[in-house]
Amino acid sequence: MKIKDLAKELVKLTVLEINELSKILKKKYGIEEFTGYNIPINKKENKKENKKEKQTKKKIFDLYLKSSGNSKLATIKLIKNITGKGLRESKDLVDKAPSLIKNNLKKNEADLLIKEFEKIGSIAELK
């Protein structure tokens, strides 16, 4: 398989498939995060790490939808269940992503909701 063909196949993967691939590479081959031939992590990645550290210190979070992934309908249903909003309002939140789904969440509740989004292939984040 040529590199270009491999790249085309990788781009087609869903979030869940990428997550599964990552687990396989880690367990079977011992490959974890790639930072590029032992080149130091760039400043952008350091900012992400600092943001994560700040999040662990925070007590209250806001949940944002970044992407509905491949299953827009499942994402709409999940948002409807989480927020108690109507179908139309939930659809509008998905269409306008990134969008605020729920605010003032405790860390454990927010983490559970993030996992629910991951299960259906959507991407959500905490701020």
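Scroll up to find the structure this text is about.
Residues numbered from 1 in each chain as written. Predicted model: local features only at pLDDT ≥ 70, side-chain atom pairs only at ≥ 80, totals over all residues. Heavy atoms only, no water.

Engineer: What am I meant to see in the overall build of the chain here?
Structural biologist: For the chain, the helix and strand inventory stands at six helices and three strands. Listing every helix and strand of the chain by position from the N terminus yields α-α-α-β-α-α-β-α-β. Here the chain holds 127 residues, and 20% of them are scored as buried. Put simply, 66% of the contacts in the chain that link residues at least 6 apart link residues at least 24 apart. Total accessible area on the chain is roughly 10000 Å²; 55% of this is exposed by carbon and sulfur atoms. (Helix = DSSP H or I, 4+ residues; strand = E, 2+ residues; numbered from the N terminus. Buried < 20%, exposed > 50% of the residue type's maximum accessible area, 1.4 Å probe, protein only. Contact = heavy atoms within 4.5 Å. Areas by Shrake-Rupley, 256 points an atom, 1.4 Å probe, with all protein chains shown as cover.)

Engineer: Could you clarify how one ought to interpret the sheet that holds strand β3 (residues 123-126) in this entry?
Structural biologist: Backbone-to-backbone hydrogen bonds pair the strands of a sheet. The strands run either parallel or antiparallel. The strand order across the open sheet formed by three strands is β2-β1-β3, and the pairing between neighbours is antiparallel. At either end of the open sheet lies a strand with only one pairing partner, and these are β2 (99-106) and β3. Ignoring strand direction, the axes of neighbouring strands in this sheet form an average angle of 25°. The pairing of strand β1 (residues 60-67) with β2 spans five bridges and is antiparallel. From the neighbouring strand, leucine 63 faces β2, where its bridge partner is lysine 102. (Pairing = 2+ DSSP bridges. Axes fitted to C-alpha atoms, helices over the stretch in contact; angles between N-to-C directions.)

Engineer: Just to check I follow, could you spell out the side chain of serine 99 for this structure?
Structural biologist: Tracing the backbone shows serine 99 in strand β2. Once you skip the residues sitting within four places of it in the chain, serine 99 turns out to touch Leu63, Tyr64, Leu65 and Leu93.

Engineer: What is the right way to look at the pairing of β1 in this model?
Structural biologist: For a regular strand, the rule is simple: side chains alternate between the two faces of the sheet. When β1 meets β3, the two strands line up antiparallel, connected through four bridges. Each residue of the ladder has a partner; that of serine 67, found in β3, is isoleucine 123.

Engineer: Quick question: what am I supposed to make of the nonpolar core here?
Structural biologist: Taken as a class, soluble globular proteins show a tendency for nonpolar side chains to be buried jointly. Residues Leu63, Leu65, Ile79, Ile82, Ile101, Phe117 and Leu126 are the most contacted members of the largest nonpolar core, which totals 17 residues. Secondary structure elements with two or more residues in this core: β1, α4 (72-83), α5 (87-95), β2, α6 (107-119) and β3. (Core = buried A, V, L, I, M, F, W, Y, C linked by side-chain atoms within 4.5 Å.)

Engineer: Explanation requested: the pattern of salt bridges in the structure shown.
Structural biologist: Proximity of charged atoms lets side chains of opposite charge pair with each other. The tally for this structure, following the rule as stated, stands at nine salt bridges. A salt bridge links lysine 72 to aspartate 95; the nearest nitrogen and oxygen atoms lie 2.6 Å apart. With lysine 72 in helix α4 and aspartate 95 in helix α5, the pair connects residues that are 23 residues apart, well separated along the chain. Relative accessible area serves as the criterion here: at 35%, lysine 72 is assigned to the partly exposed category. Here the residues in one salt-bridge network are Lys66, Glu125 and Lys127, joined through shared partners. (Salt bridge = Lys/Arg side-chain N within 4 Å of Asp/Glu carboxyl O.)

Engineer: Whenever I open this one, the side chain of serine 90 confuses me. Can you help?
Structural biologist: Relative to the helices and strands, serine 90 resides in helix α5. Reaching out from serine 90, the side chain makes a polar contact with the backbone oxygen of glycine 86 at a distance of 2.9 Å. Among all residues touching serine 90, those that are not within four sequence positions of it are Ile76, Ile79, Lys80, Thr83 and Lys85. (Polar contact = N/O pair within 3.5 Å; in protein donor to acceptor, adjacent residues only side chain to side chain.)

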